[in-house]
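Now for the letters of each chain:
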Amino acid sequence: MLYKTPEEQILDIVKSINPKNPQEYVDSIVRPIMVDRINEWILKCHDCKFHDSIKSCTMGPADASVFVIGEGILQSQYNSDTGSMNEIVYPYIDTPEGNYLFDILRDRVGISEKDIFFANITNCYCHENIKENIVNRPPSTDEIKCCKVSMDALIKAINPRVIIALGNVAMNVYQKGVIDKLHGQWYNINGIPAIATYGLEQLMDIYNASEDEVCYQYEENFVSDLKTAIDFAYT
């Protein structure tokens, strides 16, 4: 019996199935493996000074039509009681910001967060020690550059129909500007249609410091931006 390499055997299987688009068919099968490999790389990465801090991995289905780029590990994901940095977290999980976002998605946009792929723009907890208090801070240009490698790889692997960038930091990696002016406007991330909208920490700050009318308007804008992106993904 003629020996065939694993690659030749896979090729024979694909030929026997005869998909309309063989490249897309194979890509769809290996996406979960690609995501696993990228998460492994994230956990092992030592490229920035925060490599031994809290790490953020991705979550969501690898075949998702919607890819949400989060703003980074949140202050609310740091446990000040234990002070532990040896933890793995996931975008917005078990946070007030995440509870707000997931409620908006389910109740006002009409999609479950379980149908969306999430990844943060930076994978380590960017923070400072101020008077013995650990507080998060925006990542530097070099820190973003370190993590952009994994983000570009994830976008290529997932190949979503639409990308939603949450907050100024996530938006400015691919589109320079200010979120208050550019939210809800279309732009392009590595060939994928994208929309940016407010970050969750920004929204929480507004709710804590603003009048009800201001909060209402920001939330309506936020919902509108999300709906625009989600509607595009499923039409």
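Please refer to the structure higher up on the page.
What counts, and where the lines are drawn
- Residues numbered from 1 in each chain as written.
- Predicted model: local features only at pLDDT ≥ 70, side-chain atom pairs only at ≥ 80, totals over all residues.
- Heavy atoms only, no water.
- Helix = DSSP H or I, 4+ residues; strand = E, 2+ residues; numbered from the N terminus.
- Rg over C-alpha atoms; globule rule 2.2 N^0.38 Å.
- Buried < 20%, exposed > 50% of the residue type's maximum accessible area, 1.4 Å probe, protein only.
- Contact = heavy atoms within 4.5 Å.
- Areas by Shrake-Rupley, 256 points an atom, 1.4 Å probe, with all protein chains shown as cover.
- Lys, Arg positive; Asp, Glu negative; His and termini not counted.
- Charge placed at Lys NZ, Arg CZ, Asp CG, Glu CD.
- Salt bridge = Lys/Arg side-chain N within 4 Å of Asp/Glu carboxyl O.
- Expected span 1.5 Å × (residues − 1).
- Bend = angle between axes of the 7 residues up to and from the residue.
- Polar contact = N/O pair within 3.5 Å; in protein donor to acceptor, adjacent residues only side chain to side chain.
- 1 Å grid on protein atoms, 1.4 Å probe; cavity = no way out; pocket = protein on both sides within 12 Å on 5 of 7 lines; lining within 4 Å.
- Points joined across faces, edges and corners; volume = space filled by probe spheres on them.
- Nonpolar A, V, L, I, M, F, W, Y, C, P; charged D, E, K, R; others polar.
- Phe/Tyr/Trp six-rings, centres within 6.5 Å; stacked < 30°, edge-to-face > 60°.
- Lys NZ or Arg CZ within 6 Å of the ring centre and 35° of its normal.
- Pairing = 2+ DSSP bridges.
- Axes fitted to C-alpha atoms, helices over the stretch in contact; angles between N-to-C directions.
- Disulfide = S-S within 2.5 Å.

(A) Spatial organisation of the overall build of the protein chain. Within the protein chain, the regular secondary structure consists of eight helices and nine strands. Radius of gyration (C-alpha) of the protein chain: 20 Å, near the 18 Å computed for a compact globule of 235 residues. Dimensions of the protein chain, computed from C-alpha atoms along their principal axes, come out at roughly 75 × 40 × 30 Å. The buried share of the protein chain, taken over its 235 residues, is 45%. Partitioning the contacts of the protein chain with sequence separation of at least 6, the portion at a separation of at least 24 is 68%. Here the protein chain has roughly 12900 Å² of accessible surface; of this, 51% comes from carbon and sulfur atoms. Charged side chains of the protein chain number 20 positive and 34 negative; the gap between the two group centres comes to 8 Å.

(B) Highlighting the side chain of R31. For R31, the position within the fold is in helix α2 (residues 22-44). No salt bridge forms around the buried R31; measuring N to O, its nearest opposite-charge neighbour D27 is 5.9 Å away. What R31 contacts, discounting residues up to four positions off in sequence, is A62, D63, A157, I158 and N159.

(C) Fine view of α2. Here α2 contains 23 residues, and its C-alpha end-to-end distance of 33 Å stays within 8% of the 33 Å for a straight helix at 1.5 Å per residue. At V30, α2 shows its largest kink, close to 45°, and the proline P32 lies no more than four residues downstream. At the N-terminal end of α2, a side-chain oxygen is found 3.2 Å from the backbone nitrogen of Q23, two or three residues along, and the residue is N21.

(D) Highlighting empty space enclosed by the protein. This model, assessed by the stated rule, comprises one cavity of 30 Å³ or more. Here the largest cavity defines a volume of roughly 50 Å³. Breaking the lining of the largest cavity down by element, the ones donating at least two residues are α2 and α4 (141-158). Residue composition of the lining of the largest cavity, grouped by class: seven nonpolar, one polar and two charged.

(E) The arrangement of the packing of aromatic side chains in detail. All told, the structure shown has seven aromatic pairs when counted by the stated rule. Aromatic side chains F102 and F118 sit 6.0 Å apart centroid to centroid with 75° between the ring planes, which places their arrangement in the edge-to-face category. Here F102 is found in helix α3 (residues 96-109), whereas its partner F118 is found in strand β4 (residues 116-120), with 16 residues between them in sequence. As far as burial versus exposure is concerned, F102 and F118 are alike and both buried. An aromatic cluster of at least three residues, connected via ring pairs, comprises Y100, Y207 and F222. Lying across the ring of F232, R161 places its NZ or CZ 5.4 Å from the centre.

(F) Region of the structure containing the sheet that holds strand β8 (residues 186-189). An order of β4-β2-β7-β9-β8 is seen for the five strands of this open sheet, with the pairing classed as mixed. Edge positions in the open sheet fall to β4 and β8, since each of these has one partner strand only. Ignoring strand direction, the axes of neighbouring strands in this sheet form an average angle of 30°. As paired elements, strand β2 (residues 66-70) and β4 share five bridges and run parallel to each other.

(G) How the structure looks around the state of the cysteines. A complete count under the given rule lists zero disulfides for this structure. C146 takes part in no disulfide bond, and the closest cysteine sulfur to it belongs to C48, at a distance of 5.7 Å. Distance from the sulfur of C147, which forms no disulfide, to the nearest cysteine sulfur (C124) is 5.8 Å. Among the residues examined, C147 registers a relative accessible area of 9% and is labelled buried.

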